[in-house]
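Here's the letter readout for the chains.
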Amino acid sequence: MRSIWRTLDAVLLRDVAAVALGAAVTGASFGAISVGSGLPWWMPVLMSLVIFAGGSQFMAVGIVAAGGSPAAAVLAGLVLNARHLPFGLAIGDVLGNGWLARIVGSHLLIDESTAFAMAQKDPSRARAAYWACGVSLFFCWNAGVLIGALAGQAIGDPMTFGLDAAFPAALLALTLPALKDVATRNAALLGAAIALATTPFLPAGVPVLLALAGLFVFKTKKEAPCPSPQS
Amino acid sequence: MPVTAVLILAAGTFAIRLAGPLLRDRVTLPEKVRELLSASATVLLFALVAISALTSGKQFGGWALAIGVVVGGLAAWRKLPFVAVIVLAAATTAGLRLIGVA
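Worth saying up front: this structure is predicted, and the values here are computed from it rather than measured.

Conventions and cut-offs
- Residues numbered from 1 in each chain as written.
- Chains lettered and ligands numbered in written order.
- Predicted model: local features only at pLDDT ≥ 70, side-chain atom pairs only at ≥ 80, totals over all residues.
- Helix = DSSP H or I, 4+ residues; strand = E, 2+ residues; numbered from the N terminus.
- Rg over C-alpha atoms; globule rule 2.2 N^0.38 Å.
- Buried ≥ 20, exposed ≤ 12 C-beta atoms within 10 Å, placed from the backbone.
- Contact = placed C-beta atoms within 7 Å.
- Nonpolar A, V, L, I, M, F, W, Y, C, P; charged D, E, K, R; others polar.
- Expected span 1.5 Å × (residues − 1).
- Core = buried A, V, L, I, M, F, W, Y, C linked by C-beta atoms within 7 Å.
- Axes fitted to C-alpha atoms, helices over the stretch in contact; angles between N-to-C directions.
- Parallel < 35°, antiparallel > 145°, perpendicular 65-115°, else oblique.
- Left-handed = near helix turned anticlockwise from the far one by under 90°.
- UniProt positions renumbered as here; feature names shortened; annotations may be inferred.

Overview of the overall build of chain B
For step 1, the next point in the chain: A tally of regular secondary structure across chain B gives 4 helices and 2 strands.
For step 2, the next point in the chain: N-terminal to C-terminal, the α/β element order of chain B is α-α-β-β-α-α.
For step 3, the next point in the chain: Computed over C-alpha atoms, the radius of gyration of chain B comes to 19 Å, more than 25% over the 13 Å expected from 2.2 N^0.38 for 102 residues, which places it beyond the range of a compact globule.
For step 4, the next point in the chain: Each principal axis of the C-alpha distribution contributes one length, and for chain B these read about 55 × 45 × 25 Å.
For step 5, the next point in the chain: Within chain B, the proportion of its 102 residues that are buried is 47%.
For step 6, the next point in the chain: Restricting to contacts in chain B with at least 6 residues of sequence separation, those with at least 24 account for 41%.

See the structure below:
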């Protein structure tokens, strides 16, 4: 573990801290919204600890609050979280070996930790970035949710602070280096177009998975040298 | 929201997360497949960016949100620090909402 923290530099830690701070505020709003919808304070806290996937938590609480069945909430949440399977396939080797690293690391597999790992050039940095992001977000998210659940309605709407723009902007910044590769960029643009076009008609989570169809235009590199990423 | 539902969602989500790293261990992947998997993660992340920037529920998410993310994207492209990207995106969206842009 110690070697991981040594690999981290100040810039990476600052970047992770920025995302973690955003997660804390979003978590606080999740706690407040859950309590506001009639759940006991410990319910959003429990959800955040054991599910640890913000999108599916918001969705589950929203479905139940709107009168939907818990079974529907579970199903919708699982569909939304299905993207973590291909994420794990793509970056599974950064978790490290051994059961503990595998189990704890899998629980920390979220959009942000995946994006941070993907944005690094060498494997040891990718591993450090993954763990730093996963652990920081776990603590900040859960602390935020606890505060929000206890403070309740005193927390403002995160939309007022534009926090809903912070998440996609952060993911976009982390994805940009990989998008310099033409084949990847074409696949990503086609995939995003498919996802956007199908969003009005399909349950949340499915359009993102359909984006994988964009890979049909993806060609693996032949002789062309890797475009040198820099950041 | 019964506790059992929370636990089932948690167990299912964890199984999905654990499956990737475990499957990856079982087989040695050829270089081409590894490239494809890496591209697939980028494709998924970018689709997530597009959806969270442009939609809210099943509808258009509003100009304030879209413009905020575009400003953040431009900042990232111009190689501004990551923190600046996030702050610019959020501040743009918040500012636009403040002046009444939906």
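There is more to say after this.
Here we look at the overall build of chain A
For step 1, the next point in the chain: Helices and strands together make up the secondary structure of chain A, namely 12 helices and 0 strands.
For step 2, the next point in the chain: Across chain A, helices and strands are ordered from the amino to the carboxyl terminus as α-α-α-α-α-α-α-α-α-α-α-α.
For step 3, the next point in the chain: Here chain A has a C-alpha radius of gyration of 18 Å; the compact-globule value for 231 residues is 17 Å, and the two agree.
For step 4, the next point in the chain: When the backbone C-alpha atoms are referred to their principal axes, chain A occupies close to 60 × 45 × 35 Å.

Considering the interface of chain B and chain A
For step 1, the next point in the chain: With 60 residues of chain B at the interface, the matching set in chain A holds 78 residues.
For step 2, the next point in the chain: At the level of elements, helix H1 (3-26), helix H2 (31-54), helix H3 (63-77) and helix H4 (82-98) of chain B are the ones that each hand at least two residues to the side of chain B that touches chain A.
For step 3, the next point in the chain: Considering every element that reaches the side of chain B that touches chain A, the biggest residue donor is H2 of chain B, with 21 residues.
For step 4, the next point in the chain: For the side of chain B that touches chain A, the residue count by class is 41 nonpolar, 13 polar and 6 charged.

A few points about helix H4 (residues 54-65) of chain A
For step 1, the next point in the chain: Across its 12 residues, H4 of chain A extends 16 Å between first and last C-alpha, which sits within 8% of the 16 Å expected from 1.5 Å per residue.
For step 2, the next point in the chain: Turning to H4 of chain A, its buried residues are Gly54, Ser56, Gln57, Met59, Ala60, Val61, Ile63 and Val64 of chain A.
For step 3, the next point in the chain: Elements that come into contact with the buried residues of H4 of chain A comprise helix H2 (10-36), helix H3 (42-50), helix H5 (70-81) and helix H9 (123-151) of chain A together with H1 of chain B.
For step 4, the next point in the chain: Where H4 of chain A terminates, the next one or two residues include Gly67 of chain A, which has phi positive at roughly 95°.

Focus on the nonpolar core
For step 1, the next point in the chain: Counting residues in hydrophobic clusters, the biggest one holds 106 residues, and the most contacted among them are Ala169 of chain A together with Ala47 and Ala89 of chain B.
For step 2, the next point in the chain: Sorting elements by how many residues they give to this core places H2 of chain B first, with 13 residues.
For step 3, the next point in the chain: Residues within four places of Ala47 of chain B in sequence aside, it is in contact with Gly191, Ala192, Ala195, Val208 and Ala211 of chain A.

Describing the packing of helix H10 (residues 163-179) of chain A against H3 of chain B
For step 1, the next point in the chain: As a packed pair, H10 of chain A and H3 of chain B sit with axes 9 Å apart at the nearest point and diverge in direction by 30°. One finds that H10 of chain A runs roughly parallel with respect to H3 of chain B. H3 of chain B is crossed by H10 of chain A, and the crossing has right-handed handedness. Where H10 of chain A approaches H3 of chain B, its residues Asp164, Ala165, Pro168, Ala169, Leu172, Ala173 and Leu176 of chain A are matched on the opposing element by Leu65, Gly68, Val69, Gly72, Gly73, Ala76 and Trp77 of chain B.

Some details on the UniProt feature "transmembrane region" (unreviewed entry) in chain A
Residues and elements named next belong to chain A.
For step 1, the next point in the chain: The UniProt entry lists residues 12-35, 128-155, 161-179 and 191-218 under the feature "transmembrane region" (unreviewed entry), expressed in the numbering used here.
For step 2, the next point in the chain: Between the end C-alpha atoms of residues 161-179 the distance is 29 Å, and the span holds 89% helix and 0% strand.
For step 3, the next point in the chain: Helix makes up 46% of residues 191-218 and strand 0%, with an end-to-end C-alpha separation of 11 Å.

Describing the UniProt feature "transmembrane region" (unreviewed entry) in chain B
Residues and elements named next belong to chain B.
For step 1, the next point in the chain: Mapped onto this numbering, the UniProt entry gives "transmembrane region" (unreviewed entry) at residues 35-53, 60-77 and 83-100.
For step 2, the next point in the chain: As annotated, residues 35-53 comprises 100% helix and 0% strand, and the C-alpha atoms at either end are separated by 27 Å.
For step 3, the next point in the chain: For the annotated span residues 83-100, helix accounts for 89% and strand for 0% of the residues, and the straight-line distance between the end C-alpha atoms is 26 Å.

Brief notes about the packing of H3 of chain A against H1 of chain B
For step 1, the next point in the chain: One can describe the packing of H3 of chain A onto H1 of chain B by two numbers: an axis separation of 9 Å at closest approach and a directional angle of 15°. Considering the angle they form, H3 of chain A stands roughly parallel to H1 of chain B. The hand of the H3 of chain A/H1 of chain B crossing is right-handed. Between H3 of chain A and H1 of chain B, the contacting residues are Leu46, Met47 and Val50 of chain A on the first element and Val6, Leu7 and Ala10 of chain B on the second.
For step 2, the next point in the chain: Its residues assigned to classes, the contact of H3 of chain A with H1 of chain B shows 6 nonpolar, no polar and no charged.

Examining H5 of chain A
For step 1, the next point in the chain: Over its 12 residues, H5 of chain A runs 16 Å from end to end, which matches the ideal 16 Å to within 8%, given 1.5 Å per residue.
For step 2, the next point in the chain: All of the buried residues in H5 of chain A are Ala73, Val74, Ala76, Gly77, Leu78, Leu80 and Asn81 of chain A.
For step 3, the next point in the chain: Buried residues belonging to H5 of chain A abut H4 and helix H6 (84-91) of chain A together with H1 of chain B.

A closer look at the environment of Ala66 of chain B
Residues and elements named next belong to chain B.
For step 1, the next point in the chain: Considering the arrangement of structural elements, one finds Ala66 in helix H3.
For step 2, the next point in the chain: Look at Ala66 and you get partly exposed, because 18 C-beta atoms sit within 10 Å.
For step 3, the next point in the chain: Beyond its immediate sequence surroundings of up to four residues, Ala66 is in contact with Ala53, Leu54 and Gly61.

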